[in-house]
Amino acid sequence: MQIESLTFADDGDTPNHPVWPLIAYRGAIEAERLRADDHAFDRLFEANGWPVGFRNGIYRFTHFHSVTHEVLGIARGHARVQFGGEFGAILTVGAGDAVLLPAGTGHRLVESDGNLLVIGAYPPAAAYDLVRSGEGGGDAVRARIAALPRPLSDPVLGAAGGLLSEWRPA
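> What's the story with the layout of surface pockets in this structure? I'm lost.
Of the volumes computed, that of the largest pocket is approximately 250 Å³. Looking at the lining of the largest pocket, its residues break down into 11 nonpolar, 4 polar and 1 charged. What the second largest pocket holds in volume is close to 170 Å³. Along its surface, the second largest pocket is lined by F54, N56, G57, I58, Y59, H63, H65, E70, L72, H107, Y122 and Y128. At the level of secondary structure, the elements contributing two or more residues to the lining of the second largest pocket comprise β3 (52-56) and β5 (70-76).

See the structure below:
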């Protein structure tokens, strides 16, 4: 598995996280394993204390969550996803990859192969919201994002590594 970290600045419409980076886990689960069992991400996330919230795709409009962090596991297919808002990075993700988004991180589907299945999970007892970029930002949202605590475990690596080393407590 390869791990990448990306940070994004607040662009006025998409706040992104003021401190913590997006973490991409390339090859978090072997693609061959997912071909035989597209619930492997469900079990991995839940074993690491991140309950699954959805099995679907990614919205085509830029949005973010202000009251929770989110992990996206690509169980099937390939896609190009833009992270960080209108001026962010477009990453190609495929079966076996996972992407951890700290609260505030903008994301949208650019294109997919039509076979895309995304498993989304959140920290335990997390509330959920969906804010479209450019609609509902402001100081209160940014304060909520900055105040959200670091989860106790990483959704992919559990008790060691990932967000536990990349997301330093404030």
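> Looking at this structure, how should I read the side chain of R26?
Tracing the backbone through its elements, the reader meets R26 in strand β2 (residues 22-26). Separated by 2.8 Å, the side chains of R26 and E4 make a polar contact. Not counting chain neighbours up to four residues away, the residues in contact with R26 comprise M1, Q2, E4, L91, T92, V93 and D97.

> Whenever I open this one, the pattern of salt bridges confuses me. Can you help?
Side chains bearing opposite charge may pair, as long as their charged atoms lie close to each other. One pass over the full model with this rule turns up 9 salt bridges. The partner of D38 in a salt bridge is R76, and the shortest N-O contact between them spans 3.0 Å. Of this pair, D38 sits in the loop between α1 (31-36) and α2 (40-47) while R76 is found in strand β5, placing the two residues 38 residues apart along the sequence. The salt bridge involving E111 is made with R80; its shortest N-O contact spans 3.1 Å. Of the two residues, E111 is situated in strand β9 (residues 107-112) and R80 in strand β6 (residues 78-83); the sequence distance between them amounts to 31 residues.

> Would you explain the environment of R108 in this entry?
Note on placement: R108 falls in strand β9. Assessed through its relative accessible area of 25%, R108 is described here as partly exposed. Between the C-alpha atoms of R108 and A79, which are 29 residues apart in sequence, the distance is 10 Å. Not counting the four nearest positions on each side in its chain, R108 is found in contact with I58, Y59, R60, F61, T62, R80, V81 and Q82.

> Hey, could you run me through the side chain of D129 in this one?
Turning to its location among the elements, D129 is positioned in the loop between β10 (117-121) and β11 (131-132). The buried charged residue D129 lacks any salt bridge partner; its closest oppositely charged side chain belongs to R144, at an N-O distance of 4.5 Å. A polar contact of 2.4 Å, which involves the side chain of D129, links it to the side chain of S66.

Rules used in this analysis
Residues numbered from 1 in each chain as written. Predicted model: local features only at pLDDT ≥ 70, side-chain atom pairs only at ≥ 80, totals over all residues. Heavy atoms only, no water. 1 Å grid on protein atoms, 1.4 Å probe; cavity = no way out; pocket = protein on both sides within 12 Å on 5 of 7 lines; lining within 4 Å. Points joined across faces, edges and corners; volume = space filled by probe spheres on them. Nonpolar A, V, L, I, M, F, W, Y, C, P; charged D, E, K, R; others polar. Helix = DSSP H or I, 4+ residues; strand = E, 2+ residues; numbered from the N terminus. Polar contact = N/O pair within 3.5 Å; in protein donor to acceptor, adjacent residues only side chain to side chain. Contact = heavy atoms within 4.5 Å. Salt bridge = Lys/Arg side-chain N within 4 Å of Asp/Glu carboxyl O. Buried < 20%, exposed > 50% of the residue type's maximum accessible area, 1.4 Å probe, protein only. Lys, Arg positive; Asp, Glu negative; His and termini not counted.

Limitation: the analysis is restricted to geometry and does not speak to function.
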